[in-house]
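Okay, here's what each chain looks like letter by letter:
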Amino acid sequence: DAGVIQSPRHEVTEMGQEVTLRCKPISGHNSLFWYRQTMMRGLELLIYFNNNVPIDDSGMPEDRFSAKMPNASFSTLKIQPSEPRDSAVYFCASSFRGLDTEAFFGQGTRLTVV
Amino acid sequence: AQSVTQLGSHVSVSEGALVLLRCNYSSSVPPYLFWYVQYPNQGLQLLLKYTTGATLVKGINGFEAEFKKSETSFHLTKPSAHMSDAAEYFCAVSEGDTGRRALTFGSGTRLQVQP
C-alpha cells in the first residue's frame, strides 16, 4: 500500500481565500484523524472519524474549519476564510480496525497563509 | 482526559552513548502508549507501542520503552546512539480499550547526536 496520501504537500494562499486539504487513507482503515502541527502548540487533534462518521471535532478551532469524509477512501479539511494564524503543517492519519493498532501518518501539507 | 509530558525539549548525546527520552502520561483509563519519530519535513513514523502484556516493548532501530504504571511513565531508550537517530520524538497516549483511538501527543523532544 502507498500509505496515507495527502495533497497538496505545500500550499501558499492569501488571507481570506478558501483552502482545501485532501487525504486518502490506507485502504481498509476505518478511523481517520486530522492533526495540526505548529511550533507553539505542537501536535493538536482537530477531528477524527470512525467509519466515515465524525466522532470528536472538539479540536476544530472555529467555524472557519470544516472536515468531511464522504466515503472510506477520501477526506477533506477546508478552511474558509483562511487567516495567517492558520499557517501550520496539517497531518492526516488513519488506523485499522482493532483498538490496539497504531495510526499511520501522511507526509503532511504545509500551509502558509500570507 | 489524557495528557502527556515530555521532559526536555532538546536532548543532546554523543554517538555511541545511551539515549533516554522521558515521557510521563496521565489517563483516567488504562492507556495505550506510543512513541513516534519525525524526521525533517516528514510525517510521523511509529517506533513502538504498548497496549497490553509485556511492559518492556521493543521497537524499530534498536529502541525500546518500558511501561511503568506506578510511575505513569513510558521512557524511550536506546543503548547506543547513531547519527541517524537525530530527529524529533513524540510520546502519545490513547484511551486504550474504551474505543477512543485518537492520540494525544506530548510536545516532543528533539534529539541531537554529536559525532
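Just above, that's the structure.
None of the values given here were measured: they were computed from a predicted structure. (Residues numbered from 1 in each chain as written. Chains lettered and ligands numbered in written order. Predicted model: local features only at pLDDT ≥ 70, side-chain atom pairs only at ≥ 80, totals over all residues. Heavy atoms only, no water.)

Trainee: How would you sum up the overall build of chain A? Please name residues and give values.
Mentor: For chain A, the count of helices and strands is zero helices and 11 strands. Listing every helix and strand of chain A by position from the N terminus yields β-β-β-β-β-β-β-β-β-β-β. At 13 Å, chain A has a C-alpha radius of gyration in line with the 13 Å of a compact globule built from 114 residues. In terms of overall dimensions, chain A has C-alpha extents of about 40 × 25 × 25 Å along its principal axes. Out of the 114 residues in chain A, the part that is buried amounts to 47%. Intrachain contacts of chain A at a sequence separation of at least 6 include 54% that bridge at least 24 residues. Accessible area of chain A: about 5,600 Å², with a carbon and sulfur share of 51%. Taken as two groups, the 11 positive and 13 negative side-chain charges of chain A have centres that lie 4 Å from each other. (Helix = DSSP H or I, 4+ residues; strand = E, 2+ residues; numbered from the N terminus. Rg over C-alpha atoms; globule rule 2.2 N^0.38 Å. Buried < 20%, exposed > 50% of the residue type's maximum accessible area, 1.4 Å probe, protein only. Contact = heavy atoms within 4.5 Å. Areas by Shrake-Rupley, 256 points an atom, 1.4 Å probe, with all protein chains shown as cover. Lys, Arg positive; Asp, Glu negative; His and termini not counted. Charge placed at Lys NZ, Arg CZ, Asp CG, Glu CD.)

Trainee: Now, about the environment of I47(A): what can you tell me, with residues and values included?
Mentor: All names here are of chain A. Among the secondary structure elements, I47 is positioned in strand 5 (residues 42–50). The spacing of I47 and M60 is 13 residues in sequence and 6.4 Å in space, taken between C-alpha atoms. Those residues in contact with I47 that sit more than four places away from it in its chain are L32, F33, W34, P54, D56, D57, M60 and A67.

Trainee: Would you mind going over the sheet that holds strand 1 (residues 5–7) of chain A in detail, with residue names and values included?
Mentor: Residue and element names in this part refer to chain A. On the basis of which strands lie adjacent, the open sheet formed by four strands has the order 1-3-8-7 and antiparallel pairing. For this open sheet the edge positions go to strand 1 and strand 7 (65–71), each flanked by a neighbour on one side alone. On average, each strand axis in the sheet is tilted by 15° relative to the strand beside it, whichever way the strands run. In the sheet, strand 1 pairs with strand 3 (residues 19–24) via three bridges, with the strands oriented antiparallel. The partner of Q6 across the bridge, within strand 3, is C23. (Pairing = 2+ DSSP bridges. Axes fitted to C-alpha atoms, helices over the stretch in contact; angles between N-to-C directions.)

Trainee: So what about the pattern of salt bridges? Which residues, and what values?
Mentor: Once their charged atoms are close, side chains differing in charge can pair, the charge on each being opposite to the other. The tally for this structure, following the rule as stated, stands at 12 salt bridges over all chains. Between E83(A) and R64(A) there is a salt bridge; the shortest N-O distance is 3.5 Å. Taken together, the positions of E83(A) in the loop between strand 8 (74–79) and strand 9 (88–95) and R64(A) in the loop between strand 6 (53–56) and strand 7 put the pair 19 residues apart, joining distant regions of the chain. Its relative accessible area of 11% is what places R64(A) among the buried residues. Across the pair D85(B) and K78(B) runs a salt bridge whose closest N-O atoms are separated by 2.8 Å. Here D85(B) matches K78(B) in class, with each residue buried. (Salt bridge = Lys/Arg side-chain N within 4 Å of Asp/Glu carboxyl O.)

Trainee: Explain the side chain of S82(A) to me, using residue names and the numbers behind them.
Mentor: Residues and elements named next belong to chain A. In this structure, S82 sits in the loop between strand 8 and strand 9. Classification of S82 by relative accessible area gives buried; the value is 1%. Polar side-chain contacts of S82 include one of 3.4 Å to the backbone oxygen of E14. From its side chain, S82 meets the backbone oxygen of Q17 in a polar contact 2.7 Å long. Not counting residues up to four positions away in its chain, the partners in contact with S82 are T13, E14, M15, G16, Q17, V19, R64 and V113. (Polar contact = N/O pair within 3.5 Å; in protein donor to acceptor, adjacent residues only side chain to side chain.)

Treat this as a map of the structure, not an account of what it does.
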